[in-house]
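Survey of secondary and tertiary structure
One-letter residues, chain by chain:
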Amino acid sequence: MNKEDSEPKNISRRKFLKGVGTGVIGGAVLPGVLTSEEKKKTSPPHQGKVPLSLKVNGKAVRVLVEPRTTLVQLLRDHLNLTGAKVTCNHGECGTCTVLLNGKAVYSCHILALDAANKEVITIEGLLAGEKLHPLQEAFIEQDGLQCGYCTPGQIMAAYALLLKHPKPTTEQVKEGMAGNLCRCSTYPNIVKSVMAAAEKNAVKKGKGG
Amino acid sequence: MAGQKIIKSKFFLEDDFLETLAEVPAEEVGAWKPDKKLKIVGAPVSRVDGYDKVSGTAQYTFDVSLPNMAFAKTLRCPHPHARIKSIDISKALKLPGVLAIITHENTPKIPWYYNTSYLFDPHLRYLGDEVACAAAESEEIAAEALKLINVEYEILPFVTDAKKAMEPNAPKLYEEGNIRGGKPSVYKRGDAEKGFKEADAVVEDTFTTRVAVHNPTEVHCSAANWDGDRLTVWDSTQAVFNVRDALARSLNIPANKVRVIKKYMGGGFGSKLAPGKYTVMAAFLARKIGRPVKIALDRKEMNLAVGNRPDSVQKLKAGAKKDGTLTALSHHSYGTVGSHPYGAGCSWPLRTVYQCDNVYVEEYSVYTNAGPARPMRAPGHVQGTFAMDSLIDEIAGKIGMDPLEFRLKNYAEKDQVSNLPYTSKRLKEAYKKGAEAIGWHRRSQPAGSSPGPMKRGIGMATQIWWGGGAPPAYATIRLNRDGSAHVMAGTQDIGTGTYTFIAQVTAEVLEIPIEKITVTLGDTGRCPYCPVSGGSLTAPSVSPAVHHAAQQIKAKLISGAAAILELPEDQLLYQKGVISDKKDPSKKIDITGILRKMQEQELIATGARNANPTGYTINTFGAQFAEVEVDTETGRVKVLKVVAANDIGRVLNWKTAENQFHGGIIQGVSFALMEQRVIDQATGKVLTTNMHDYKMPTVMDMPEIEAYVVSEADNMISSVGAKGLGEPAHIPTAGAIANAVYNAIGVRIKSLPITPDKVLTALQKARRVS
């Protein structure tokens, strides 16, 4: 790890500015086509990309991203990790929940650059090869899902919760899961799944712990 | 076992009697009688698709990514009512990365909304109506392109409120006016006026409910790809065959050239029953640019343009004798269907739930300049049951009778609309079980008498829905030489456990482990036809078809073994895929042995759903009991517990069934207490277009839930004897909560959602009166 990498804020800000300043690769600007009024109206997609280093599911990742790229876009569109879902894209529902340095976050609401030099764990990172994590198994056994779309987010929220409270009370589980919407309203079984996983020390036993 | 024959079949779907000719099994399929002990069907089997869903590898339409894929976004009308005077896409097309733009000017006139409109209609009837669609290298560029499309709108006067829309001088959405069909839908039985005169007590009240929006987590989305003249579409839909047919019609190509795939979907609740405009637009754009095109709506579009549950204003009247006999019921209602044809009727429960000889119904479906309505989990029944069961509580109170006793007094032994008997009805058992479980005797008497500012109350409501299923529905089983099997059916699993019960039924008949069965659904290119995933008809329609197919496979195996072992079929015993001589068990052969001798790689059979019996009505029944706590100082209602007791025929899988009960009930709590689309009447703008402003429940809002099934297999329906559950679980919750709130505070809230402001206002008003 070089010096720059150990100073995430400096590096990302400097490279961000550098990217904005020099990284424009033609294309998005339209001389002679748009009136100045329209140019104001459109703010064309920025094509300047900046380098980003982070750890995803235990592996070092170096990518070039547009500064405005969100963490969930990085995961889904650049790294093909589609477990985290975009549902509201406003930090309201939790289907994009991943772990950032051990804490559950809404990845639609964080810029990828803000994850620079940090460690991200996604639902895919809980698996050991094709083998499910005991927490994932608990969600199957307790039927903690219906359509399954919010499930990766629910499981990651549960994972963060169990890291903090390995033996949570029902109230702690509810509080920990309150930021994750399930429109099928599978909530009773989600709580059961988390409690069952805690009972089996799932997070300790699993690969991620 | 013989193949199929063609018969006439009648069934109910989302408020309509449909008569179809259907291909059904030529011979009766050996039924699983109620007393037949089943090993796998009915057991709490874990979902067979669980791995995909918990591992994050399940591919939803939103996750589909194709090589060289382009992305599309839709330009939507920013006004509640307008007409396009001119549209200029030239500047947008010059934006680098923009690939194509379609509008009403460069696409054929494709009929939409039951021929009342077009895919692109220059007459824009709601804020969010489709104006144009742009494909680009990225979603962001497509969104930028939309800003460069120059549209000149003629702004038209608008109306977003159903009552105002019915006034003579209201802005008109259609030539015929704003009342769909120009007149109300009327239903009469007996003589309601006479019935009211004969009553000892009459109550009359008006109840209102608001527009609710489905808001499934997975946004509506499609990905379209052409290979020459063949089109493949991945779509988040509850009806792959409907989407296939809509695409074939819209693009004027034969159905065989279209393949629609839906493997997993993130919720629908009715909003994904209808083929979406976005799907057809993606296919058009993909053909135009010669590249795959993906289109995904955003949450705002989800709240504007892909359906909702109509609101309702229901004026109800009931008359009863002193002994509790209902003498008459009437229902006058109107509700907004938004900009395009749909029905806002909600009187079905009132027509059929309680025994009453004199009924009058008048319902208006009203067009307004707002997003078009679509079926939403038990269309009409949720709002209708809330109002009806509130009124039933009122009249029971007026004559001083226990509300449950009143309901039992007016128990309907047959379907009063068709005058036919039911194939089965276990509503009395449901009342009994539910009342016991909630502790009905504990309710406050009189209402509002529990001490202190935190008041508790208990209430109930009754559920009726169709959910009997019907033909046509098919399933194909391919039994491999090694004894494993692949089942294919053109239905969808929308989270309800369809994959799992299909595997269970197959495993039960063929006596092979469930791990040896793979199920493929939602693919028009691979699977035989099955109906839409709606109306609570999937399990009752599809499970008998799977049962029929599996029985045919078993019959083939037995017949093969008989030929190989040179024994009569009736001397053979089928056990776990091994067929042996009843007299000499050493003479035996397994699936692999039979297929090898037959020189077959696989045995194939397609089963069909049987016809429903004529002369009977099929319904699901149930009751829910709710206990609430109302804070009379803040007006906040907390639902403490909900008990559901239901007649759903045979339960195929208790694990997934109980889960569906939970979901239906919590969505009911949500409709009762928090969900409402809000439109600013002055501007016509929807104010609730995200998941923060449109309130939906989280884990903190869940009550304690107990669910019971009081029925057994109904073999008059099918060999399997299952009825549906998705909608029954949701229908009576709001009504039960409203009655519980009344029982708690002694004041009736007649408007959903029951928000704190309504509770406080009602309490204040009651105090002023007393």
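The residue numbers shown here count from 1 along each chain, following its written sequence. As a convention, the first chain written is A and the first ligand written is 1, with the rest following in written order. Totals for whole chains, interfaces and linings use every residue, but because this is a predicted model, local features are given only for residues with pLDDT of at least 70 and side-chain atom pairs only at 80 or more, for both listing and counting.

With that settled, consider the sheet that holds strand β28 (residues 588–590) of chain B. Residues and elements named next belong to chain B. The antiparallel open sheet is built from 3 strands, whose spatial order is β26-β27-β28. Strands with a single pairing partner mark the edges of an open sheet, and in this sheet they are β26 (572–575) and β28. Taking each pair of neighbouring strands and ignoring which way they run, the sheet shows an average axis angle of 20°. The pairing of β26 with strand β27 (residues 578–581) spans 4 bridges and is antiparallel. When the bridges of β27 are listed, Tyr574 appears paired with Ile579. Residues are scored as being in contact if the C-beta atoms we place from backbone atoms lie within 7 Å. As a rule, the C-alpha atoms of each element are fitted with a line to give its axis, helices using only the stretch in contact, and angles between N-to-C directions run from 0 to 180 degrees. A run of DSSP states H or I qualifies as a helix once it reaches four residues; a run of E qualifies as a strand once it reaches two. Both are numbered from the N-terminal end. Where helix α14 (residues 538–565) meets the sheet, it contacts β26, β27 and β28, and its direction lies at approximately 135° from that of β26. If DSSP finds at least two bridges between two strands, the strands pair.

Now for the domain arrangement of chain A. All names here are of chain A. Segmenting chain A into domains produces domain 1 (4–125) and domain 2 (127–205). Counting residues at the interface gives 15 residues for domain 1, matched by 14 residues for domain 2. Elements with a contribution of two residues or more to the side of domain 1 that touches domain 2: β3 (97–100) and β4 (103–106). In terms of residues, the side of domain 1 that touches domain 2 owes the most to one element, β3, which gives 3 residues. Gly is put with the polar residues, along with every residue not named as nonpolar or charged; the nonpolar set is Ala, Val, Leu, Ile, Met, Phe, Trp, Tyr, Cys and Pro, and the charged set is Asp, Glu, Lys and Arg. In terms of residue class, the side of domain 1 that touches domain 2 is made up of 7 nonpolar, 5 polar and 3 charged. These domain boundaries are the output of an automatic or database domain assignment.

What follows covers helix α16 (residues 654–673) of chain B. Expected span of a helix: the number of residues minus one, times 1.5 Å. Here α16(B) is 20 residues long and its end C-alpha atoms lie 28 Å apart, about the 28 Å a rise of 1.5 Å per residue gives. Neighbour counting defines burial: a residue surrounded by 20 or more other C-beta atoms within 10 Å of its own C-beta is buried, one with 12 or fewer is exposed, and intermediate counts give partly exposed, using backbone-placed C-beta atoms. Burial analysis of α16(B) places 18 of its 20 residues in the buried class, which makes it a mostly covered element.

A few words now on the environment of Val639(B). Residue and element names in this part refer to chain B. Relative to the assigned elements, Val639 resides in strand β31 (residues 637–647). The sequence separation of Val639 and Asp229 amounts to 410 residues, and the corresponding C-alpha distance is 55 Å. With near-sequence residues (within four places) excluded, Val639 lies in contact with Ala626, Val628, Val669, Pro703 and Ile737.

Here the focus is the domain arrangement of chain B. All names here are of chain B. What the domain assignment lists for chain B is domain 1 (4–59 + 469–608) and domain 2 (64–156 + 217–267 + 272–305). Here the C-alpha centre of domain 2 lies 38 Å away from the C-alpha centre of domain 1. Taken together, the residues that form the side of domain 1 that touches domain 2 break down as 4 nonpolar, 9 polar and 1 charged.

All right, on to the confidence of the model for chain B then. Confidence of the prediction at every residue is given by pLDDT, a number between 0 and 100. Model confidence for chain B is summarised by a mean pLDDT of 96, while 99% of its residues fall at 70 or above. Model confidence for the complex is summarised by a pTM of 0.94, with the ipTM given as 0.96.

A few words now on the packing of helix α4 (residues 134–141) of chain A against helix α5 (residues 151–164) of chain A. Helix-helix packing: each pair is described by the crossing angle between the helix axes and the interaxial distance. Residue and element names in this part refer to chain A. Following both chains from N to C, one finds α4 and α5 inclined at 125°, their axes separated by 10 Å at the closest point. As the angle between them shows, α4 and α5 are arranged oblique. Crossing angle aside, the handedness with which α4 passes α5 is right-handed. Residues Leu135, Gln136 and Phe139 of α4 touch α5, and the partners they reach there are Thr151, Ile155, Ala158 and Tyr159. Here the contact of α4 with α5 is built from residues that sort into 5 nonpolar, 2 polar and no charged. Should an angle fall under 35 degrees it is called roughly parallel, over 145 degrees roughly antiparallel, and 65 to 115 degrees roughly perpendicular, with every other angle called oblique. We call a crossing left-handed when the near helix sits turned anticlockwise from the far one by less than a right angle, and right-handed when that turn is clockwise.

With 51 residues of chain A at the contact, the number on the chain B side is 51 residues. Every element with two or more residues in the side of chain A that touches chain B is listed here: α2 (36–42), α4, α5, α6 (170–177) and α7 (187–199) of chain A. The residue makeup of the side of chain A that touches chain B, split by class, is 27 nonpolar, 15 polar and 9 charged.

All names here are of chain B. Of all hydrophobic cores here, the largest spans 287 residues; its most connected members are Ala134 and Val741. In this structure, Val741 is in contact with Gly457, Val628, Val630, Val637, Ile749 and Ile754, ignoring residues within four places of it in sequence. Put simply, a nonpolar core is a cluster of buried Ala, Val, Leu, Ile, Met, Phe, Trp, Tyr and Cys residues tied together by C-beta atoms within 7 Å. Core analysis: the next-biggest nonpolar cluster, separate from the first, contains 14 residues, Ala162, Ala165, Ala344 and Val366 among them.

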